[in-house]
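If you want the building blocks of each chain, they are given just below.
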Amino acid sequence: MRLIFLVGLLRFERYSAPGTDSSIHYPPAAMPSPKATVYFHSLGCPKNLLDTEVMLGSLAMAGYAIAEALEDADVAVVNTCSFIDSAREESIQAILDVADLRESGQLRALVVAGCLPQRYGAELAKELPEVDAFVGTGAYQEIAPILDDALEGRGRGVYVETGHTHLYDDTSPRILTGAGHSTYMKIAEGCDRVCAFCAIPGIRGKFQSRTLDSLLTEAKQLAEAGVREVNLVAQDSTSWGKDLAALSEGGGRPRLEDMVRALDEVGGLDWIRLLYLYPSAVTDGLIEALGAAERVLPYVDVPLQHGSDRMLSLMKRGTTAERQRRLVERLRAGIPGLTLRTTFIVGFPGETDADFEDLCAFVRWARFDRLGVFRYSDEEDTAALDLEHKVPRDVARDRYRALTAIQSEIMKERLAEQIGSEVDVLVDAPMGGEQALGRLASQAPEIDGATFVKGPNLKAGDLVRARLTRVRAGVDLEAEVIA
Ligand code: SF4
């Protein structure tokens, strides 16, 4: 793993202990003897990964070394997710897996950070005596002094500020984890919407935007650090700018399309992908900006959640099935070469066979390029928790399978339509010989399929011209580099 350490425009590569090739990184502040060596286990969404990278940056600035392997570490931090049941179970299991090492004394400290302590800090502190500190999403910029205290045994802290999440900016130290050519950038934090199934506003707090200057500065830093692809994330990207001052005297508040136009000018970046749009907030101005952009990709990720008016109303989505159809038509008309991604929830309380049929009809009509299906699950602190007519698990499971099957046929047809075409492939990882794993502009990292590309001397970060030759397993593609 290659760690790129960014603080403003200062950039540091990997520093190993002299004469060794260990998997421990020693930023300057940790040379020649670090305070301790820390290992991070990051769970959940890309927004959480960004929080991890900023915590790593703060610790490196404070004199901590970074370990790639748990066995090399003095301290472990588990950055958790608490979005839904399965995510909470995974987080608890990850903590328990490390807790033994803390009890045995191999670890000098164990810290739990992220959405789980943000939501259940006090309860967790009672349940998990092995943990030295609990750091909510509003306190992660304090990770270094919190670790100092934990290492000195200065009390078990629960550092949680309800309803607030720290939002980093371009002056925050950040360590890029991953291959170095592709990364994320957070444009905003929190959410002011009221979707009935969602606990995020209560976890991540009120909506807050980063300024355009801060985003432009970070985008330039990333380009200088060799990043080619940046994925823009927030809980609700479409609200960006609503809480910012006007960009010019007498002008209105900045809008997402202003950011798209400005980021589209950042030299050195090849691909910029905008994720998490809220359907009823997609403006004609945004569609126009995306349609005219060069670096900002014709890729739209807009979770629609359902296709029945009754369900959209019960979900408090503030839109209708007809308006969502119109949105699909407007996006396709306004953005040439569009890749349209969405997600739906099945099994929401009160969902009838007729509602589900409406959803299936919508999916057959829209023929989305990318589609994710989730089964509804009850969440504390959400409006849907108290709704009647809960859908039995087996019915939800059958609807999940039925909708996934409809989309899988559509996906096969849409991929087959692309065979023979010339494309750009961003190489993520060589796979030996002349094979490499990569992605098209229409394939976002981690959530969309991949493209297996054949060609000489392919390296991570290469952007190569290729011809699509085959669909693989109905979700991935194969391609050959064009000389
Ligand atoms: S837009 Fe809705 S689903 Fe998305 S984070 Fe906000 S409340 Fe949750």
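Here the residue numbers are simple positions, counted from 1 along each chain's written sequence. Two thresholds apply to this predicted model, a pLDDT of at least 70 for residue-level local features and 80 or more for giving and counting side-chain atom pairs, whereas whole-chain, interface and lining totals are computed over all residues. Excluding hydrogens and water, the side-chain values take into account all heavy atoms of the structure.

## Side note on the pattern of salt bridges
- Note on definitions: salt bridges are taken to be side-chain nitrogens of Lys or Arg within 4 Å of carboxyl oxygens of Asp or Glu. One pass over the full model with this rule turns up 41 salt bridges.
- We note a salt bridge from Asp192 to Lys242, for which the minimum N-O separation is 2.6 Å. In this pair, Asp192 is assigned in the loop between strand 12 (188–189) and helix 5 (200–204) and Lys242 in the loop between strand 14 (229–233) and helix 7 (256–263), connecting sequence segments 50 residues apart.
- Since its relative accessible area comes to 31%, Asp192 is described here as partly exposed.
- Glu422 is the salt-bridge partner of Arg465, the closest N and O atoms lying 3.1 Å from each other. Placement of Arg465 in strand 22 (residues 463–472) and of Glu422 in strand 19 (residues 422–430) is noted, with a sequence separation of 43 residues between them.
- Three or more residues joined by partner-sharing salt bridges are found here, namely Asp51, Lys186, Glu189 and Arg204. Helix and strand assignments come from DSSP, with helices taken as H or I runs of at least 4 residues and strands as E runs of at least 2, each series counted from the N terminus. Note on exposure labels: buried denotes an accessible area under 20% of the residue type's maximum, exposed denotes more than 50%, and partly exposed covers the range between, all computed with a 1.4 Å probe on protein chains only.

## Observations concerning unusual backbone geometry
- Here the phi dihedral of Gln305 falls at roughly 70 degrees; this positive angle occurs in a residue that is not glycine.
- Residue placement: Gln305 occurs in the loop between strand 16 (299–301) and helix 9 (309–314).
- Within the chain, Arg367 stands out as a residue other than glycine whose phi angle is a positive 45 degrees.
- Assessed through its relative accessible area of 24%, Arg367 is described here as partly exposed.

## What about the sheet that holds strand 16?
- Strand pairing requires that DSSP identify at least two bridges connecting the strands. Here we have three strands laid out as an open sheet, ordered 16-17-18, and parallel in their pairing. The sheet is open, and its two borders are formed by strand 16 and strand 18 (370–375), each paired with just one other strand. This sheet shows a mean twist of 15 degrees between the axes of neighbouring strands, independent of strand direction.
- Where strand 16 and strand 17 (residues 339–346) come together, three bridges link them in parallel fashion. By the bridge assignment, Asp301 is partnered in strand 17 with Arg341.
- For this analysis, residues touch if any pair of their heavy atoms sits within 4.5 Å. Angles here are taken between N-to-C directions and fall from 0 to 180 degrees, while the axes themselves are lines fitted to C-alpha atoms, restricted in helices to the stretch in contact. Sitting on the sheet, helix 12 (residues 393–416) touches strand 17 and strand 18, and the angle it makes with strand 18 is about 175 degrees.

## Section: the sheet that holds strand 15 (residues 271–274)
- Strand order in the open sheet formed by three strands is 11-14-15, and the pairing between neighbours is parallel. Edge positions in the sheet fall to strand 11 (182–186) and strand 15, since each of these pairs with one other strand and no more. Across the sheet, the mean angle from the axis of one strand to that of its neighbour is 25 degrees, orientation sign disregarded.
- Where strand 11 and strand 14 come together, five bridges link them in parallel fashion. Residue pairing for strand 14: Thr183 is matched across the bridge by Val230.
- Set on the sheet, helix 6 (residues 212–224) makes contact with strand 11 and strand 14; between it and strand 11 the angle comes to about 165 degrees.
- Contacting strand 11, strand 14 and strand 15, helix 7 runs over the sheet at an angle of about 170 degrees to strand 15.

## Description of the packing of aromatic side chains
- Stacked, edge-to-face and tilted are the three classes for Phe, Tyr and Trp ring pairs, Trp counted by its six-membered ring, which pair at centre distances within 6.5 Å; planes under 30 degrees apart are stacked, over 60 edge-to-face, the rest tilted. By the definition in use, this model includes six aromatic pairs.
- Plain terms: the ring middles of Phe344 and Phe362 are 6.0 Å apart, the flat faces sit at 75 degrees to each other, and that makes the pair edge-to-face. With a gap of 18 residues between them, Phe344 in strand 17 and Phe362 in helix 11 (residues 353–366) connect regions that are remote in the sequence.
- With relative accessibility at 0%, the residue Phe344 sits in the buried group.
- On the numbers, 5.3 Å between centres and 75 degrees between planes, the contact of Phe348 with Tyr376 is edge-to-face. Within this pair, whereas Phe348 is found in the loop between strand 17 and helix 11, its partner Tyr376 is found in the loop between strand 18 and helix 12, the two being separated by 28 residues in sequence. Both residues of the pair, Phe348 and Tyr376, count as buried.

## Overview of the packing of helix 2 (residues 85–103) against helix 3 (residues 115–127)
- Two elements in contact, helix 2 and helix 3, have axes whose closest approach is 13 Å; the angle formed by their N-to-C orientations is 60 degrees. On the basis of the axis angle, helix 2 is oblique to helix 3. Crossing hand, helix 2 versus helix 3: right-handed. Residues Arg88, Ser91, Ile92 and Ile95 of helix 2 form the contact with helix 3, whose participating residues are Leu116, Arg119, Tyr120 and Leu124.
- Grouping the constituent residues of the contact of helix 2 with helix 3 by class yields five nonpolar, one polar and two charged. Angle categories: roughly parallel below 35 degrees, roughly antiparallel above 145, roughly perpendicular from 65 to 115, and oblique for all the rest. By definition, any crossing whose near helix is turned counterclockwise from its far helix by less than a right angle is left-handed, and any crossing with a clockwise turn is right-handed. Note on residue categories: nonpolar means Ala, Val, Leu, Ile, Met, Phe, Trp, Tyr, Cys or Pro, charged means Asp, Glu, Lys or Arg, and polar means any other residue, Gly included.

## Some details on the domain arrangement of the protein chain
- Each assigned domain of the protein chain is listed with its residue range as follows: domain 1 (2–159), domain 2 (177–416) and domain 3 (422–481).
- Domain delimitation follows an automatic or database domain assignment. Once you take the C-alpha centre of each, domain 2 and domain 3 turn out to be 25 Å apart.
- Counting residues at the interface gives 19 residues for domain 2, matched by 23 residues for domain 3.
- Buried area is a sum: the accessible area each of two parts loses on coming together, probed at 1.4 Å, counted once for each and added. Interface of domain 2 and domain 3: buried area, both sides summed, is about 1,700 Å²; carbon and sulfur atoms make up 60% of it.
- Connecting domain 2 to domain 3 are three salt bridges.
- Its salt-bridge partner being Arg370, residue Asp448 comes within 3.6 Å of it at the nearest N-O pair.
- Polar contact criterion, stated in full: a pair of N or O atoms within 3.5 Å, where within protein one must be able to donate a hydrogen and the other to accept it, and residues adjacent in sequence count only if both atoms are side-chain atoms. Applying the counting rule to domain 2 against domain 3 returns 10 residue pairs in polar contact (both at pLDDT 80 or more).

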